[in-house]
Amino acid sequence: CASCTALCASMGWPTMSPMAKMCGTLVRIWMSTLMKPRSVTATPAFALTVLMHLRAMPEERRKPELAAAAQKRLAAPLAVLEAELRVQQAAGNAWLAGGRFTVADLCVASVVAWLLPARDMMAAHPACKAWLDQCLARPAQQAVRAMGKA
């Protein structure tokens, strides 16, 4: 998620603490090893497959069996994310790296948002869904969405 880090730097966000940097590194490892298939060039990322075959593609081109297979592959990484969010919530933190929104939240939310069309999957991970809703409700996200509608 080097592009997310560069974006944050260009926006003048404060320098990340060592703990937030470590969390960002772990998030990048998690996303690259669990959220994506072994051969990214041969098969699209699983989360993108869910989005494309449940919502984005024209209905006649959708293949629900591909979305279902991708959801099965995403069960383990979502369980890891769910558990981590519950740990953070138990500690009184609303975000992945603690008490404030960081590049870790930005990177992971940008992928997890592709899973919104998989309503049953998101319902099975309530901490993920609540966290994602919180990410999507941020003023900056709302401003970007408004730009796309203009």
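Please read all numbers here as calculations on a predicted model, not as lab measurements.

Q: Help me understand the overall build of the protein chain in this model?
A: Counting its regular elements, the protein chain contains eight helices and zero strands. Counting helices and strands in the order they occur from the N terminus, the protein chain gives α-α-α-α-α-α-α-α. Expressed as a percentage of the 150 residues in the protein chain, the buried residues total 35%. If you take every contact in the protein chain between residues at least 6 apart in sequence, the share linking residues at least 24 apart comes to 60%. Working note: accessible area of the protein chain is about 8,800 Å², and carbon and sulfur atoms make up 63% of it.

Q: Could you clarify how one ought to interpret helix 7 (residues 126–136) in this entry?
A: Counting along an α-helix, one turn takes 3.6 residues, and residues three or four places apart therefore face a common direction. For helix 7, the set of buried residues is A127, C128, W131, L132, C135 and L136. One side of helix 7 holds all its buried residues, which, seen down the axis, span an arc of 165°.

Q: I tried to follow the pattern of salt bridges on my own but got confused; where do I start?
A: Charged atoms that come close allow side chains of opposite charge to pair. Taken as a whole and judged by the stated rule, the model has two salt bridges. Of the charged contacts in the structure, one is a salt bridge between R86 and E82, with a shortest N-O distance of 2.8 Å. Pair noted here: R86 and E82 are both in helix 4 (residues 64–90), with a separation of four residues, about one helical turn. A residue is classified by how much of its surface remains accessible, and E82, at 6% relative accessible area, is buried. Note that K129 is salt-bridged to D133, the shortest N-O span being 2.7 Å.

Q: Sorry, what's going on with the nonpolar core here?
A: A general trend in soluble globular proteins is that nonpolar side chains are found buried together. Residues L81, L115 and W131 are the most contacted members of the largest nonpolar core, which totals 26 residues. Elements that contribute at least two residues to this core include exactly helix 3 (46–56), helix 4, helix 5 (103–112), helix 6 (119–123) and helix 7. Ranked by residues supplied to this core, first place goes to helix 7 with six residues. Excluding residues that lie within four positions of it along the chain, L115 makes contacts with A47, V50, L74, L78, M121 and M122.

Q: Just checking my understanding: could you explain the packing of helix 5 against helix 7 for this structure?
A: For any two helices packed against each other, one specifies the crossing angle of their axes together with the interaxial distance. Helix 7 packs onto helix 5 with a crossing angle of 110° between their chain directions and a minimal axis gap of 10 Å. Relative to helix 7, the element helix 5 is oriented roughly perpendicular. Mapping the contact onto sequence places D105, V108, A109 and V112 in helix 5 and W131, L132 and C135 in helix 7.

Q: Teacher, can you tell me more about the side chain of H125 here?
A: Inspection of the secondary structure puts H125 in the loop between helix 6 and helix 7. For H125, a relative accessible area of 12% corresponds to the buried category. In this structure H125 touches A75, L78, A79 and E82, once residues within four positions along its chain are discounted.

How each quantity is defined
- Residues numbered from 1 in each chain as written.
- Predicted model: local features only at pLDDT ≥ 70, side-chain atom pairs only at ≥ 80, totals over all residues.
- Heavy atoms only, no water.
- Helix = DSSP H or I, 4+ residues; strand = E, 2+ residues; numbered from the N terminus.
- Buried < 20%, exposed > 50% of the residue type's maximum accessible area, 1.4 Å probe, protein only.
- Contact = heavy atoms within 4.5 Å.
- Areas by Shrake-Rupley, 256 points an atom, 1.4 Å probe, with all protein chains shown as cover.
- Arc of directions from axis to C-beta.
- Salt bridge = Lys/Arg side-chain N within 4 Å of Asp/Glu carboxyl O.
- Core = buried A, V, L, I, M, F, W, Y, C linked by side-chain atoms within 4.5 Å.
- Axes fitted to C-alpha atoms, helices over the stretch in contact; angles between N-to-C directions.
- Parallel < 35°, antiparallel > 145°, perpendicular 65-115°, else oblique.

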